[in-house]
Amino acid sequence: MPTAEQVQTLAQRGIHEAEIAHMLDCSPATVRRLLKPRTAPVQRQGRPAVATLTDEQATEVASTALRMAANTDDTVPTRMAFRLFAAESPNCPEDLRKFILARERLPEAMVRQVRSRITPEQLEMHRGRKRSKLHVFTVQRSLTRRDEEGHDHDLRAMDLITADDAHFNVGFYYPCDDVRIPGVEKFGVRAARAQNLVFADIATGRIISQAIIARYSDAYNQRDIRWAMMRLLRDHGVPRFGFYFERGAWASRELSYACDHIGSPIRHAYSAKGKSLIEHKFNEHQRVMSAKLRVNFGRTRGEFDWAGKDWCAVREGKVHPRELGYLPVEEFMQVVDESWSFLNEIPMHGQLYKGIPDETWERHLAEDEPARAATAADLWQFTPERHEATIRGGQVTAKCSDSGIVYYFTAPWFAALGNGYKVTVCFDPSDPERAAIINREIGARAKVRGHVCSHAPELAAQWNDAQMSQGLRFGELIGVAEFNERSPFINEDWKSLRTTLKKRSEYYRYSRMLYRQLVPGRRRGAYADEWRNGKGDASRMEVGTTAPVEITSSSRITTAPANPTTVRGLGLHDIPRIDRESVAVPSQGDRRPTVAEELFGKF
């Protein structure tokens, strides 16, 4: 860009404007503009302000307008704020009050003076702290993990799993026999708009598992979450760095305990921005479902009113759901699976997620070590029903939280735990044939693993030799119990009667094992007996070996010689008493006489 001095110097030499423009590589208009003499700047003068506001008055009007801002609109009611300021505020002068109340439209300068003091951030904060966190300040995320030393690592498949629930915009129906629900007695089915629990892999953006929860209230709870997670762990294994959930039912004590037990803790998102991946997936899935089923209830009141009227007619029992295009639950689940599969097969074009989720998932699994497979003990931690119970009469009792049905479970090795032993019963109401029994005793009341395995050898496979001499840990899986059916008072069915008698005889046989161990010359067991002094000290006499077995740090171990093979019919009263404080079996010659023997002589 040429300067005015350059243009004026060339013009004084008599050079034409066009030649000057060519020489300075600019336009002739620029040359003519630079040749004009500079004049003093003109002061703009307009009409004087009709009315003005001080800074304090403008701030007061702005605060009033902010308090009147509605939650459903982005506009600020400035006009009404001015009227309230003029009518009620003592800071409004008389002339300004008359001016504001007399004018239908206020000067634009006064309006801008007030609105400039209300920022979008202040408006969002007025509507709530949660909304302010969502819209005011955003922290961008990356698909990385930062360790305790500050080093970043890329997230891979099965590193971190996120999940959330979504309410379907479409309905379905399923068989029902509850006549209290309208239309069930007439049609035999019930319509529902269920919750969809969806699990997504954060590293790849792929939906790896989903479940449908159909309850009467169209809601879900932490038992439903555990049921869905149990199937996720069974199909894909245990995530390496845990789960990323929201609060509410996803932060329940039972769910957190189960995840900590399998070594995959839960991290919580405190806003919807923290789980934007799955929220985006939900929006796309609702569109795909609406296209497949041609039904959409919408998200706000007043839209898709025809679909809402049809839904009300179905819920009131006036029409069969099939007549309005609703699908049975089996076909509906198939459509849901197809929709999620479609989203996993189309490419994503975002800053973080690029490419097809299925292909990214398969590539990660081929390049990395597979995730740890979930064991039976891991899966039992996520059963929907978990109840604290006590062994009574050779069985435990658990009441289903939803249906109120009482279930009974029994196992022959309950005899090794004893009546009154505290356990946790875990079972799935959809398959109540088996239940996991988890230890709930601590300290001296916890049974030793070897003692339990001496009664039930089938349980020994889950422990090694070093663990056999240790007590059961709190929360440790002991074994699996079977469903115990109630028996009628009068049973004329010989087959079911034999089943009941078989369970009773088997439990009786397991109950006699310890008694046989106390009798030398009979069937041998791992241990003979144990004594406790109430101070935390335990002493156990081992039969058939001279090697001591360590029970706890405060236990005193006593050993006994091998069982005699020539003595028959030796009773319990013939077994010599063992001193708890001794470290070896005392002989009869070294035995200290009792007080009764010192007073009355030996009997």
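Just so you know, these numbers come straight off a predicted model, no measurement behind them.

1. Describing the overall build of the protein
Thinking step 1. Helix and strand counts for the protein stand at 23 helices and 21 strands.
Thinking step 2. Buried residues in the protein amount to 42% of all 603 residues.
Thinking step 3. Taking the intrachain contacts of the protein between residues at least 6 apart in sequence as the baseline, contacts between residues at least 24 apart amount to 62%.
Thinking step 4. Accessible area of the protein: about 36,400 Å², with a carbon and sulfur share of 51%.

2. Comments concerning the environment of threonine 52
Thinking step 1. Topologically, threonine 52 is positioned in the loop between α3 (28–35) and α4 (55–67).
Thinking step 2. In sequence terms threonine 52 and proline 107 are 55 residues apart; their C-alpha atoms lie 9.7 Å from each other.
Thinking step 3. Among all residues touching threonine 52, those that are not within four sequence positions of it are Gln57 and Leu96.

3. Regarding the packing of aromatic side chains
Thinking step 1. Applying the stated criterion across every chain, the model contains 15 aromatic pairs.
Thinking step 2. Considering the side-chain rings of phenylalanine 409 and phenylalanine 427, the 5.3 Å spacing of their centres and the 45° angle between planes classify their relative orientation as tilted. Here the residue phenylalanine 409 occupies a position in strand β15 (residues 406–410), and phenylalanine 427 occupies one in strand β16 (residues 422–428), the gap between them amounting to 18 residues.
Thinking step 3. A relative accessible area of 0% places phenylalanine 409 in the buried class.

4. Comments concerning the nonpolar core
Thinking step 1. Of all hydrophobic cores here, the largest spans 33 residues; its most connected members are Phe168, Phe172, Met289 and Phe332.
Thinking step 2. Elements supplying a minimum of two residues to this core: β4 (172–175), β6 (195–201), β7 (206–213), α13 (276–293) and α15 (329–345).
Thinking step 3. Membership of the second largest hydrophobic core comes to 29 residues, among which are Met158, Ile161, Phe243 and Trp361.

5. So, the sheet that holds strand β10 (residues 327–328)
As a general point, the strands of a sheet are linked pairwise by backbone hydrogen bonds and lie either parallel or antiparallel.
Thinking step 1. Strands sit in the order β5-β4-β10 across an open sheet of 3 strands; the sheet is mixed. The open sheet is flanked by β5 (189–192) and β10, the only strands paired with a single partner.
Thinking step 2. Of the strand pairs in this sheet, β4 and β10 are connected by 2 bridges, and their pairing is parallel. Bridge assignment links tyrosine 173 to a residue of β10, and that residue is proline 328.

6. Regarding the pattern of salt bridges
In a structure, side chains of opposite charge can pair up when their charged atoms sit close to one another.
Thinking step 1. Using the criterion set out here, one finds 18 salt bridges in the structure.
Thinking step 2. One salt bridge in this structure joins arginine 97 and glutamate 94, with 2.9 Å as the shortest N-O distance. Residue arginine 97 and its partner glutamate 94 are located together in helix α6 (residues 94–102), separated by 3 residues, close to a single helical turn.
Thinking step 3. A relative accessible area of 19% means that arginine 97 is categorised as buried.
Thinking step 4. Glutamate 94 sits in the partly exposed class, given a relative accessible area of 44%.
Thinking step 5. One salt-bridge network, in which partners are shared between bridges, spans Arg156, Glu367 and Asp368.

7. Some remarks on the packing of helix α1 (residues 4–12) against helix α2 (residues 17–24)
Thinking step 1. Their axes nearest at 10 Å, the elements α1 and α2 cross at an angle of 135°. Taken together, the axes of α1 and α2 are oblique relative to one another. In this structure, the crossing between α1 and α2 has a hand that is right-handed. Residues Gln6, Val7, Leu10 and Ala11 of α1 lie in contact with α2, whose contacting residues are Ile20, Met23 and Leu24.

8. Describing helix α14 (residues 305–315)
Thinking step 1. Looking at α14, one finds that the buried residues are Ala307, Trp311, Ala313 and Val314. Projected onto a plane normal to the axis of α14, the buried residues spread over an arc of 160° and lie on a single side.
Thinking step 2. As for α14, its buried residues are in contact with β5.
Thinking step 3. Taken from the residues just after α14, glycine 317 is the one with a positive phi, measuring 80°.

9. Section: the pairing of strand β3 (residues 161–167)
Thinking step 1. For β3, the tally of buried residues reaches 6 of 7 residues, placing the bulk of the element in the interior.
Thinking step 2. Pairing geometry for β3 and β6, over 7 bridges, is antiparallel. Across the sheet, residue histidine 167 finds its bridge partner in β6, namely glutamine 195.
Thinking step 3. Summarising the sheet, β3 and strand β8 (residues 243–245) pair through 2 bridges and their orientation is parallel. Considered in β8, the bridge of isoleucine 161 is made with phenylalanine 243.

10. Let's talk about a nonpolar patch on the surface
Thinking step 1. On the surface, Val136, Phe137 and Val139 cluster together into a nonpolar patch covering about 310 Å² of accessible area.
Thinking step 2. Looking at where valine 139 falls in the secondary structure, it is placed in the loop between α9 (129–135) and β1 (144–146).
Thinking step 3. Its relative accessible area of 61% is what places valine 139 among the exposed residues.

11. A closer look at the sheet that holds β8
Thinking step 1. Across the sheet, 5 strands lie side by side as β7-β6-β3-β8-β9; this open sheet has mixed pairing. Each end of this open sheet is capped by a strand with a single partner; those strands are β7 and β9 (266–268). Looking at each pair of strands side by side, their axes are set apart by 25° on average, direction ignored.
Thinking step 2. When β6 meets β7, the two strands line up antiparallel, connected through 7 bridges. Its bridge partner lying in β7, phenylalanine 199 is registered against serine 209.

12. Describing unusual backbone geometry
Most peptide bonds adopt trans geometry, and most residues besides glycine take a negative phi value.
Thinking step 1. One non-glycine residue, aspartate 25, adopts positive backbone phi at about 55°.
Thinking step 2. Assignment of secondary structure puts aspartate 25 in the loop between α2 and α3.
Thinking step 3. Its relative accessible area of 73% is what places aspartate 25 among the exposed residues.
Thinking step 4. A positive phi angle, close to 70°, is found at methionine 158, a residue other than glycine.
Thinking step 5. As for its placement among the helices and strands, methionine 158 is situated in the loop between β2 (152–154) and β3.

13. Some details on the pairing of strand β14 (residues 396–399)
Thinking step 1. Taking every second residue as pointing to the same face, the buried face of β14 carries Val396 and Ala398, while none of Thr397 and Lys399 on the other face is buried.
Thinking step 2. Judged from the 4 bridges that link them, β14 and β15 form a sheet pairing that is antiparallel. Counted as the bridge partner of alanine 398 is tyrosine 407 from β15.
Thinking step 3. A loop of 6 residues connects β14 with β15, the two strands running antiparallel in sequence, and glycine 404 in this loop sits at a positive phi of about 80°.

14. Observations concerning the packing of α13 against α15
Thinking step 1. One way to put it is that α13 packs onto α15 with a least axis distance of 10 Å and a crossing angle of 125°. Between α13 and α15, the angle is such that the two are oblique. Once α13 is placed against α15, the crossing between them reads as right-handed. The segment α13 lies against α15, with Lys281, Phe282, Glu284, His285, Val288, Met289, Lys292 and Leu293 engaging Phe332, Val335, Val336, Glu338, Ser339, Trp340, Phe342 and Leu343.
Thinking step 2. Classifying every residue of the contact of α13 with α15 by side-chain character gives 10 nonpolar, 2 polar and 4 charged.

The rules we used
- Residues numbered from 1 in each chain as written.
- Predicted model: local features only at pLDDT ≥ 70, side-chain atom pairs only at ≥ 80, totals over all residues.
- Heavy atoms only, no water.
- Helix = DSSP H or I, 4+ residues; strand = E, 2+ residues; numbered from the N terminus.
- Buried < 20%, exposed > 50% of the residue type's maximum accessible area, 1.4 Å probe, protein only.
- Contact = heavy atoms within 4.5 Å.
- Areas by Shrake-Rupley, 256 points an atom, 1.4 Å probe, with all protein chains shown as cover.
- Phe/Tyr/Trp six-rings, centres within 6.5 Å; stacked < 30°, edge-to-face > 60°.
- Core = buried A, V, L, I, M, F, W, Y, C linked by side-chain atoms within 4.5 Å.
- Pairing = 2+ DSSP bridges.
- Salt bridge = Lys/Arg side-chain N within 4 Å of Asp/Glu carboxyl O.
- Axes fitted to C-alpha atoms, helices over the stretch in contact; angles between N-to-C directions.
- Parallel < 35°, antiparallel > 145°, perpendicular 65-115°, else oblique.
- Left-handed = near helix turned anticlockwise from the far one by under 90°.
- Arc of directions from axis to C-beta.
- Patch = residues over 30% accessible without salt bridge, like charges linked within 9 Å, V, L, I, M, F, W, Y side chains within 5 Å.
- Nonpolar A, V, L, I, M, F, W, Y, C, P; charged D, E, K, R; others polar.

Spatial relationships are all this shows, so hold off on functional conclusions.
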